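Breakdown of the fold
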Amino acid sequence: MKNLFEAELFNYHIKRRALPSALFFLTSTMAVAHNAATAKSINSNSQSSGKSSSVSQLPEPSTDKLKARIAIIRGPGSYFLAKVRNTMNQELQGKGSSVEWLGPFPAFSPAAEALNAGSIDFTGGSTTAAISAMVAGSPFKIFGYQVSGRDGSGVLVQKNSGIKKVKDLVGKKVIVNRGGTGEYLLAKALEKEKIPLEQVQRVYLGPADAAPVFASGKADAWAVWGTFFATAVVQYEARVLATAGDIGSENDVIYIVHNDFLKKYPKVVKAVYDVVRRESQWSLTNAKEAMRIYGKEFKLAQAVQQYMSERMEGLPKPVGVAEIEKMNRVSDWFYTKGIIPKKPVIQNFVVDVTKI
């Protein structure tokens, strides 16, 4: 396992590392100040009307020469399929627009930084990472919600580790991404065993930076997801200590759009949603072919592709009451664990895509 993922995880064209969380929060706050007037206007309309957004009442500006800038997060997902299969560009061309693909980004946090700075219009990620970005005041709305699989992420240890159960993590070093899926998975696993989070030493790293640290034995465990999780389990025989399903995870996939873009081009947002839903449906029906496409791009071994094809996720849906309640539960839980300093108002960060 010495060279775990070195070829795979560092072969993306964004050469900088993900910023530490503290700097992410700082840059997020600075960027949001620039967009405060827009965010305030949209949120005020939402609160006064009792709906998640009033964008459906705005006139649709001309989309001539418009490009929807979509940031792909590294790993399987509907955006990536829509790029490779050219379905997004075809759909948007029919709306007088086109698409500009950016990334792949290694995780949600650096993509959110780009959104805060006004460099992208769309991206996706996890509800946990989105909630942390909400706390920082990032200017986005969630327009799609997709329930995640429960056995494609979790807490890993090396195959020869003496750690046999979650209780054995007490006093150990566990790699997580701060305020995101990894930290959530670890905290939930510990809570199930009634172990205070403070009894485990969290090592904050993004997944690409985490891989060589975990492989070198400088950390005892790794809470991670997606291609990183699958490759570690299948190709390098890392042992699964607990899956997301084992610990009762409510962390799911979300699709977000910058407030400014949503305000100006709501019909394009709806078109983007329609494409990601169709691509998700296609991937469920054609799981092996979908993983072949992902595998070619991300250089995944055949066994890894097979493993992931058996763990495909569900379909995106509009954000309704049930989804908001679920995100509120995660937010409340994050706050009680001290992972976030305050609770965001989830309703201010969602839009009902069926009403735009």
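Throughout what follows, the structure given in this document is the object of discussion. (Residues numbered from 1 in each chain as written. Predicted model: local features only at pLDDT ≥ 70, side-chain atom pairs only at ≥ 80, totals over all residues. Heavy atoms only, no water.)

1. Points about the nonpolar core
Grouped together as the largest cluster of nonpolar side chains are 53 residues, with contacts concentrated most on Y79, M88, F122, F143 and F261. Looking at this core element by element, the count peaks at eight residues for helix α12 (residues 266-285). Structurally, this core is a two-domain feature, drawing no fewer than three residues from each of domain 1 (67-148 + 252-348) and domain 2 (153-243). Core analysis: the next-biggest nonpolar cluster, separate from the first, contains 52 residues, A114, I142, L185 and I346 among them. (Core = buried A, V, L, I, M, F, W, Y, C linked by side-chain atoms within 4.5 Å. Buried < 20%, exposed > 50% of the residue type's maximum accessible area, 1.4 Å probe, protein only. Helix = DSSP H or I, 4+ residues; strand = E, 2+ residues; numbered from the N terminus. Domains from an automatic or database assignment.)

2. Details of the packing of helix α8 (residues 181-192) against helix α15 (residues 321-336)
As a packed pair, α8 and α15 sit with axes 12 Å apart at the nearest point and diverge in direction by 75°. Here α8 is positioned roughly perpendicular relative to α15, judged by the angle of their axes. Residue-level contacts link Y184, A187, K188 and E191 of α8 to V330, W333 and F334 of α15. Tallied by class, residues from the contact of α8 with α15 come to five nonpolar, no polar and two charged. (Axes fitted to C-alpha atoms, helices over the stretch in contact; angles between N-to-C directions. Parallel < 35°, antiparallel > 145°, perpendicular 65-115°, else oblique. Contact = heavy atoms within 4.5 Å. Nonpolar A, V, L, I, M, F, W, Y, C, P; charged D, E, K, R; others polar.)

3. Some remarks on the sheet that holds strand β5 (residues 153-157)
With mixed pairing, five strands are arranged side by side in an open sheet as β7-β6-β8-β5-β9. Looking at the sheet topology across the chains shown, the edges are occupied by β7 (201-204) and β9 (239-243). Going from strand to strand, the sheet's axes swing by 30° on average, the running direction of each strand aside. Lying over the sheet, α8 contacts β5, β6 (173-176), β7 and β8 (221-225), oriented at roughly 120° with respect to β8. (Pairing = 2+ DSSP bridges.)

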